[in-house]
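# Summary of structural features
Below, each chain spelled out in residue letters.
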Amino acid sequence: MKFTLKDYQYDAVAQVLDRIKKARKRWHEDQEKNAFSLTATTGAGKTVMAAAVFEALFFGSDDYEFEADPGAVVIWFSDDPSLNEQSKYRLMEAADKLTVSDLITVENTFSREKFDPGKIYFLNTQKLSKSSLLVRGHDPEDNGVEVVRGTPLMPDARSHTIWDTIRNTIEDPDLTLYLVLDEAHRGMRDTVQGTKTIVTRLINGQGGVPGVPVVLGISATVQRFDEAVKNMQNRTALPNVVVNSKLVQDSGLLKDTINLDVPDETGDFATVLLRRGTGKLRDITKAWDAYAAEQGESGKVTPLMVLQVPNTPRAEDVGLWLKVIFDTWPDLPHDCVYNVFGEKKTENFGGYAVPYIAPERVQESEHVRILLAKEAISTGWDCPRAEVMVSFRAASDQTHITQLLGRMVRTPLARRIPGNERLNAVDCLLPNFNQATVKAVVQSLTTGGDLGDPLLGRRVLINPKEMSPNPAVPQEVWDKLVSLPSKTLPKKQARPIKRLTGLAHELAADAILPDAGKAAHAYLHTLLDKAWTDYAEAIEKARQAVLTVEGKTGRAAVGSTDMTFNDFVEDADLAVIEDAYKRAARMISPDVAKTYSEYLAEKIGEDEDEEEALIEAHTDVAAIGLVPAIKDDLEKAAEALANDWLTAHEAAIKALSDERQDVYRELREMSANPLDVSLAMPRNSLQRTVERKENGTEVPLPLYDNHLLCDENGKFPALFNSWELEVLTKEAQRDDFLAWYRNPASASPESLGIIYPEDGQASIMRPDFIFFTKSENGATQANIIDPHGQHLADSLPKLLGLANYAEGLGSHFRRIEAVAMVGDGYRSLDLKDASVRAAIRLGPSAKALFEGPNAKPYPS
């Protein structure tokens, strides 16, 4: 793969491969057909995950310990040819083993007896319709086919229809046909209602063509697909692979904030909000240009604005809207406007000619700055550089609005911009909505599609205001903030050796540590050499096991049911040795296994020829793979060296561009015990400014002084519960108080995270407040003061997380305290006190701890 998969993507691919392995076995052994889905919210990278699945399916994978299926054939099916082309491009973009010849678009001239293994064939609904040349002649009742002496004459004298090809492929015992339904909810509606669609004919079979053995549906909304599978006969539904939407949001692939601008009063505000939207496009263009000037080419983004119009727009209205856009931003070229209407032609609006552009071409066509659309453009389409949308749809069309806006939530650079919430947001302006009717839009955008689970970390803000760094805050406070250590979640699939070699490659590429790759491999070779001494007896025993094949011969006398077994031992052949070597390579990584084999072969080669020396070396590596303790030693050493390098070169890494720093961040986190990360400098944030009451009235939010980010008047708008307000008020009254920071709830780099245990898994909590104070000697100090519930199920685990954090990293803070209301007052637990931490580890509940002797009155 050309991309490093996110943790959730890796887990999903592993689960899909597990289902595929089971489905393939069931088909070839019992002719049992199976179906399941991969369900993930829009923007999760479903096509990237599919690319990883196909690479493992065709070529095998050491990472997933998955053996290649030499007879695998994939049909990628959708209802839109342009969607297929976009998917084909994405697969090529993500996979490094799939070539152009492996990805075949089935055209009308296609004619083969069977599909070839190791290929992905792209089909769409239109190619299987009755009017398609690919199917003509398959149906005996097709009146459009000439019959000669009782035999249908195929178009162009072809020998096979596409249905023949599908049948022959399914019936070949050496092949396995997999059907991947892209956007699987489409085309399934009639299935649920009982009528056959082309999709269901593929799944169930028709006219002598059996159903496809293995079906995988891919979509954010697969409920209709699942219902259809349940109604199918002779097909087993395997458990679906469902991606947690929160993990997708935390990954940085999706925008953290969606800003909705709506009128505060009734009236016609179309042109007012359109001018505002054009201004937002102009401003975000300047912001991205500034970021690119700072970061170089890796930070370049050319934003566009989507103008969503009614299904039957009046030409004079659209012409007026375009005039407003150009009047507001005169520097905008007049030939930058395009449409993606279903009519697929140039439209004329009040003197403006607006050409058609295929949706899949919009992202790469940077000259397109204004895009006219009607509904959701096309399922599967997305345009990460679409930063602003102005929708003239009516409030009753909220579904079409959320569908289109959902296509704009991908981050343009596939990563968060550290500390810059403005560049991590998308704007939507709704002239025909108000504060009441926009509620349904907010609800839809904050849940994960069919899954219904909340997208924790995503905020939808109505008429927000941008906050900037507070000029009254001393520089020493900012310096202290960005020095604070934050925790990240440990990786489930940590691979220390792969992490070390990957880090070495990046350090060398950035000229931070020249020849780091050679140094890493030399270090690991030295450790493996040492293992020959430390584990000499175990390795020798393992080597003999590699070189011999043991078995049993069973004997039974004729007419008797008794059997006897005799042992036999044979010398292993090259195939057995190579199989053992490959298994060992999975353990120490294929890259290290290769270089260590070459290193050994070079030493052995002094006495033997080159081929024999390499076989001997592969035998030695295979033996090492049978001694688990060597893997443990190697991984511990690789983890330690990688951490040493990351720590030693931290300053040089921080001097790199955000894009390069993000690579090192992933390497830093690629561990069962990830290194701490420093907070990013917050450059801006977006905050709501009013609270809407149940009776529809709006009340301005309270404004507070001394926050690190503020408006032009030095104020920060926020709404706190009574506990939070008590803590903020009391801390701000301290004589040594300097400033405060509302720690973001998102997984952004400017948010401080603390690990705590939850149901046997590691989770992340984010304390509400960080306060900054000045010591007697003038030094700036940080303080975590966390208003802490005591009644929730996770109250005690979060206290334990705070205790562990304070024990390991307490030296970075003056105070780390949890505060709770007890009776009519407040009490706190001092997490820097060892006796308090010990009580937390033994405590029966958070409530008992706050009411017990270890808690003190707050403020003390």
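To start, this report covers the structure provided alongside it.

### What to know about the overall build of the protein
Helix and strand counts for the protein come out as 26 helices and 40 strands. Summarising the internal contacts of the protein: among those between residues at least 6 apart in sequence, 72% fall at separations of at least 24. Carbon together with sulfur atoms contributes 49% to the accessible area of the protein, which is approximately 38500 Å² in total.

### Here's the deal with the packing of helix α16 (residues 536–547) against helix α19 (residues 610–624)
It is at 8 Å that the axes of α16 and α19 come closest, and there the two elements cross at 120°. The pairing of α16 with α19 is recorded here as oblique in orientation. The two elements α16 and α19 cross, and the hand of that crossing is right-handed. Seen from α16, the contacting residues are I539, A542, R543, V546 and L547; seen from α19, they are E616, T619, D620, A622 and A623. A class-by-class count of the residues in the contact of α16 with α19 yields six nonpolar, one polar and three charged.

### A closer look at a negative patch on the surface
Taken together, the side chains of D609, E610, E611 and E612 define an acidic patch exposed on the protein surface. Along the chain, the position of E611 falls in helix α19.

### Some points on the pattern of salt bridges
Inspection of the entire model under this criterion finds 58 salt bridges. In this structure, D69 and R24 form a salt bridge, with 3.7 Å as the shortest nitrogen-oxygen distance. A residue pair is termed long-range when its members are at least 10 positions apart, and D69 in the loop between α2 (46–59) and β2 (72–78) and R24 in helix α1 (residues 7–30) qualify at 45 residues. Across the pair R314 and E316 runs a salt bridge whose closest N-O atoms are separated by 2.6 Å. Take R314: its relative accessible area is 46%, and that puts it in the partly exposed class. Of the residues examined, E316 reaches a relative accessible area of 47% and is grouped as partly exposed. Shared partners join several salt bridges into a network, and the residues in it are K6, D662, R665, E666 and E669.

### Describing helix α9 (residues 270–295)
Helix length check: α9, at 26 residues, gives a terminal C-alpha distance of 37 Å against a target of 38 Å (1.5 Å per residue), a fit within 8%. Looking one or two residues past α9, G296 carries a phi angle of roughly 95°, positive in sign.

Parameters and conventions
Residues numbered from 1 in each chain as written. Predicted model: local features only at pLDDT ≥ 70, side-chain atom pairs only at ≥ 80, totals over all residues. Heavy atoms only, no water. Helix = DSSP H or I, 4+ residues; strand = E, 2+ residues; numbered from the N terminus. Contact = heavy atoms within 4.5 Å. Areas by Shrake-Rupley, 256 points an atom, 1.4 Å probe, with all protein chains shown as cover. Axes fitted to C-alpha atoms, helices over the stretch in contact; angles between N-to-C directions. Parallel < 35°, antiparallel > 145°, perpendicular 65-115°, else oblique. Left-handed = near helix turned anticlockwise from the far one by under 90°. Nonpolar A, V, L, I, M, F, W, Y, C, P; charged D, E, K, R; others polar. Patch = residues over 30% accessible without salt bridge, like charges linked within 9 Å, V, L, I, M, F, W, Y side chains within 5 Å. Salt bridge = Lys/Arg side-chain N within 4 Å of Asp/Glu carboxyl O. Lys, Arg positive; Asp, Glu negative; His and termini not counted. Charge placed at Lys NZ, Arg CZ, Asp CG, Glu CD. Buried < 20%, exposed > 50% of the residue type's maximum accessible area, 1.4 Å probe, protein only. Expected span 1.5 Å × (residues − 1).

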